[in-house]
Structures are given as structure tokens and as C-alpha cells.
Amino acid sequence: MSSATSAAKSDSFDEFYTEVKEIEKRDSVLTPVQQIERLLRPGSTYFNLNPFEVLQVDPDSSLDEIKKKYRRLSILVHPDKNMDDLERAQQAFELVNRAWKILECDETRKKCLDICEEAKERTDHMIEQKRKKLKKENRLAEIIPEDDPIKYKHAVYVMTMKLFADMERKRQHLEVRDMEERKRKREAEIEQEEQKSFEKEWAKNFEESRQNRVDSWKTFQSGGGKEKKKKKIQGFKPPKPKPESR
């Protein structure tokens, strides 16, 4: 991939990120229409993998704070409150519920916090590598973009989204592999059941026909049912004497 293409993609994402943040700032008013739009906007599939993003709470928020935000959002996007946009409201409501279920569980919330922490660590490592490169090239006077707090937050945000996307891909891969393994086992069980059924049927038929085979053999041995042809032995009959003619 050329540097020009990479730069273009980076600029495109920066614009998208800026737009998303503007939408979130606008949606901080927390109106039903705005929240449904935020949760179902184009590209939301990846953003919604992060439950903190869905509920618009910081990772270091307490569980009580997360619960309060969940309740407010669930009421706002509840289908009963949005009868004019019922289908989309139902989708948004399910997303909010899913995010809360993930975060209310200590185990799954910890996994999400670990991802957020890893995103910061990777971003810091990336910045450190940039500093080393500048030092090696004697360009220490240059400023790294991520020195700007806003751009640093942006970099962490992007990395967090990528890590959640990676986690989802792994989950889907494991799910497919597990499904294939269960399918393989089921096919093997069906094949085994069919083999047992075949053997049982064969044994049954063999047993039923065994007596017939025994009876047929005995009949054959005794010669029953067959008439022996008896040849008549005829004795020698001398020819009749003929009268003499004079």
C-alpha cells in the first residue's frame, strides 16, 4: 500500500471520527431520536462492539454510574416510547441491553477494561517508537501529533475500536469452529447409529432365515419331496419258434 493511499485512508478516518464526536456531542442532550440515530448510524457495527461506547460512559466509571446511564438510555430508546420508529427502536434497545449485560458482569467488564488498557499501552508504545525514530534521525525538534491531548485521545479511541473488532473476529472464528466440530460429531453419531441399525436388522433377518435354511438342508439330505425314478429290469425273452414250412 502506497504512502499516499495510507495518508488518504487516515484523513478519511479522521474526518469520520470528528463527525462521530460531533454527533455524540449533539446527542449528549439524550433525546430518543438522536440516541436511536447514534446507535444505528453507518459504521455503528464496530463502534457498538465497545459497551462503554454504546452507553457513553468512561471505562473508569463506577458500576452505579454505568447503571444510571443504562436506565436513562433504555427508557429513551424503548420501543413503547418510539412507536413511530418501532423497528429501529427495538434494535437500539437490544444494543443498550447487551452493553449493560456485558458491563454488569464482573468477568466480562474486566475483559473490556483490559482491552481499553491494552489500547492505551499500544498507543503509548507507538508514540515511543515515533520518538525513537525522530531521535535516530536527529529530528527531536519535531512535535509528535499525539502530544496533542485531543489527538492522543483519538489514537487511543481508534486502537480501542480495533482491539474490540479483533476480539469479535476471534469470537466468531471460535463459534464457527465449535459449530463445525459439533456438526462433525453429530454426523459421526448418526453414522454410528445407522451402522448399529443395519447390523441389528441384518442379525434379525439372519436369525429368521436360519431355520428355513436348516429345514431345507434336512429335506435335501433325506431326499424328501423327490421321486426316485426306478428303472424296470426286463428279463431276456427268446424269440417264438416259427412253424416249418413244407
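Residues numbered from 1 in each chain as written. Predicted model: local features only at pLDDT ≥ 70, side-chain atom pairs only at ≥ 80, totals over all residues. Heavy atoms only, no water.

- Naming follows an unreviewed UniProt entry, where the protein chain appears as J domain-containing protein of Arctia plantaginis.

**Details of the packing of helix H6 (residues 86–104) against helix H7 (residues 106–136)**
Between two packed helices, what matters for the description is the angle formed by their axes and the separation of those axes.
Now for step 1: At a minimum axis distance of 5 Å, the contact between H6 and H7 shows a crossing angle of 95°. The orientation of H6 with respect to H7, classified from their angle, is roughly perpendicular. Only Asp-106, Thr-108, Arg-109 and Cys-112 of H7 make contact with H6, whose side of the interface consists of Lys-101, Ile-102, Leu-103 and Glu-104.
Now for step 2: Of the residues that constitute the contact of H6 with H7, the class distribution is three nonpolar, one polar and four charged. (Axes fitted to C-alpha atoms, helices over the stretch in contact; angles between N-to-C directions. Helix = DSSP H or I, 4+ residues; strand = E, 2+ residues; numbered from the N terminus. Parallel < 35°, antiparallel > 145°, perpendicular 65-115°, else oblique. Contact = heavy atoms within 4.5 Å. Nonpolar A, V, L, I, M, F, W, Y, C, P; charged D, E, K, R; others polar.)

**Overview of the side chain of Asn-50**
Now for step 1: Mapping Asn-50 onto the fold places it in the loop between helix H3 (44–47) and helix H4 (51–55).
Now for step 2: Overall, Asn-50 belongs to the buried group, its relative accessible area being 11%.
Now for step 3: There is a polar contact of 3.0 Å between the side chain of Asn-50 and the backbone nitrogen of Phe-52.
Now for step 4: If sequence neighbours within four positions are ignored, Asn-50 has contacts with Thr-160 and Phe-164. (Buried < 20%, exposed > 50% of the residue type's maximum accessible area, 1.4 Å probe, protein only. Polar contact = N/O pair within 3.5 Å; in protein donor to acceptor, adjacent residues only side chain to side chain.)

**Focus: unusual backbone geometry**
Now for step 1: Phi is positive for Gln-56, which is not a glycine, with a value near 55°.
Now for step 2: For Gln-56, the location among the structural elements is in the loop between H4 and helix H5 (63–76).
Now for step 3: Classification of Gln-56 as partly exposed rests on a relative accessible area of 22%.
Now for step 4: Here the phi dihedral of Asn-138 falls at roughly 55°; this positive angle occurs in a residue that is not glycine.
Now for step 5: Of note, Asn-138 is situated in the loop between H7 and helix H8 (149–222).
Now for step 6: Residue Asn-138 is classed as exposed on the basis of its relative accessible area of 70%.

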